[in-house]
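Fold and contact review
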Amino acid sequence: MSRGHFITLEGGEGAGKSTQIKRLASALEGSGIKVVATREPGGAPGAEEIRNLLVNGNTDRWAPMAEVLLHTAARAEHLDKTVMPALKNGAWVISDRFSDSTMAYQGYGHGVDKGVIENIYRDVFGDFKPDLTLIIDISPGVGLSRAGTRNQGEDRYERMGDDFHQRLRDGFLEIAKADSKRCVIINGELDEDGVFAAIKDAVTEKLGVKI
Ligand code: TMP
């Protein structure tokens, strides 16, 4: 059986990733593709426990480097228990966030050394990378006001201040520019159908599947 594809969605707060993941998953399933939709931090029981430590509580609860390591621990669990088995099984895995979030939030946002973040990733996960990363770009003002209305707790990162959110937006755009083979920037300020149309085009162009 051929290995499935790994697609990640990235972006700041309130970019609308979860709605788009549902639509993408059902479009792929409609084309006969097996899909596993998952998320980070989380996506496996132990990783969801680590998620609780990261998304709740005071903004200064963790040293930035501790955050890098907690997200990495959650990722190791997620890859081992959920992502790799699904890919081996031929499924397409769509993850709401992955390692670009560590670079954007902990690297650009918190100022952890980017080379250290890259080295940790490479030492732990080797050459493994998503096949396609969709970066949903939205201005922090629009995103945070959308995220605020979701009102489901888990808002530790949302409370980190405007400068933090501007830095991580710039970070995602730089990440996309540096790896344009893997990453596509999607305008997250379009309406829901417009965003989805852009996502479908990107999947067709990069992975050769018409949906
Ligand atoms: P969510 O709100 O998209 O579910 O993600 C939870 C939060 O975790 C979000 O505010 C971004 C943050 N995050 C990081 O800071 N670093 C990471 O590596 C990941 C995966 C998420």
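Read on for a plain summary of the structure.

What counts, and at which threshold
Residue positions within a chain follow its written sequence, with the count starting from 1. Two thresholds apply to this predicted model, a pLDDT of at least 70 for residue-level local features and 80 or more for giving and counting side-chain atom pairs, whereas whole-chain, interface and lining totals are computed over all residues. Hydrogens are left out, water is left out, and the side-chain values use all remaining heavy atoms of the structure. One speaks of a salt bridge when a side-chain nitrogen belonging to Lys or Arg is within 4 Å of a carboxyl oxygen belonging to Asp or Glu. Secondary structure follows DSSP: runs of H or I at least 4 residues long count as helices, runs of E at least 2 residues long count as strands, and numbering of each begins at the N terminus. Note on classification: 1.4 Å probe, protein chains only; a residue is buried when its accessible area is under 20% of the maximum for its type, exposed when over 50%, partly exposed between these limits. The arc under discussion is defined with respect to the helix axis, by the directions toward the C-beta atoms. When the centres of two rings from Phe, Tyr and Trp lie within 6.5 Å, Trp using its six-membered ring, the rings pair. Their planes under 30 degrees apart give stacked, over 60 give edge-to-face, and anything left gives tilted. Two thresholds decide whether a charge sits over a ring: the Lys NZ or Arg CZ must be within 6 Å of the ring centre and within 35 degrees of the ring normal. Side-chain atoms within 4.5 Å are what join buried Ala, Val, Leu, Ile, Met, Phe, Trp, Tyr and Cys residues into a set we call a nonpolar core. We call two residues contacting when some pair of their heavy atoms lies within 4.5 Å. One requirement defines pairing of two strands: DSSP has to find at least two bridges between them. Geometry is summarised by axes, namely lines fitted to C-alpha atoms with helices restricted to the contacting stretch, and by angles between N-to-C directions that run from 0 to 180 degrees.

**A look at the pattern of salt bridges**
The final tally for this structure, using the stated rule, is 14 salt bridges. Put simply, D193 and R23 hold a salt bridge, and the shortest N to O gap is 2.9 Å. Of the two residues, D193 is situated in helix α8 (residues 192–207) and R23 in helix α1 (residues 17–30); the sequence distance between them amounts to 170 residues. Taking the shortest distance from any N to any O, the salt bridge between R169 and D137 comes out at 2.8 Å. Here R169 is found in helix α7 (residues 162–178), whereas its partner D137 is found in strand β4 (residues 132–137), with 32 residues between them in sequence. Residue class for R169 comes out partly exposed when judged on its relative accessible area of 22%. What makes D137 buried here is its relative accessible area of 16%. The network of salt bridges with common partners includes D100, K129, D179 and R182.

**Remarks on helix α2 (residues 45–55)**
When we look at burial in α2, the residues that qualify are A47, I50, R51, L54 and V55. Buried residues along α2 cover an arc of 120° about the axis, so they all sit on one side. Projecting away from the buried face of α2 at angles above 90 degrees are the exposed residues P45 and E49. G57 occupies a position one or two residues after α2 and carries a positive phi of about 100°.

**Points about the packing of aromatic side chains**
On inspection of all chains with the given rule, the structure shows eight aromatic pairs. Relative to F172, the ring of Y105 has its centre 6.4 Å away and its plane inclined at 75°; by these criteria the two rings are edge-to-face. Linking Y105 in helix α4 (residues 99–109) with F172 in helix α7, this pair joins segments that are 67 residues apart in sequence. An aromatic cluster of three or more residues is present, and its members are F6, F98, Y121, F125 and F128. Above the ring of F98, the side-chain terminus of R75 is found at 5.2 Å from the ring centroid. The lysine or arginine in question, K114, covers the ring of Y108, its NZ or CZ lying 4.4 Å from the ring centre.

**What about the nonpolar core?**
Within the largest apolar cluster, 24 residues are counted, with the highest numbers of intra-cluster contacts made by I7, L9, L24, W92, I94, L134 and I199. Those elements giving two or more residues to this core turn out to be β1 (6–11), α1, β3 (92–96), β4, β5 (183–187) and α8. The leading source of residues in this core is α8, at six residues. Ignoring any residue separated from it by four or fewer positions in sequence, one finds W92 in contact with G4, H5, I7, L28, I33, K34, V35, V36, V203, L207 and V209. I117, I135, L168 and C183 belong to the second largest nonpolar core, which has 23 residues in total.

**A closer look at the sheet that holds β4**
Within the open sheet, the five strands sit side by side as β2-β3-β1-β4-β5. Their pairing is parallel. Single-partner strands in this sheet number two, and they are β2 (35–39) and β5. With strand direction ignored, the average angle separating the axes of adjacent strands in the sheet is 20°. Taken together, the five bridges between β4 and β5 define a ladder with parallel strand orientation. Each bridged residue has a counterpart across the sheet, and for D137 the counterpart in β5 is N187. Across the face of the sheet, α8 comes into contact with β1, β3, β4 and β5 while running at roughly 155° to β4.

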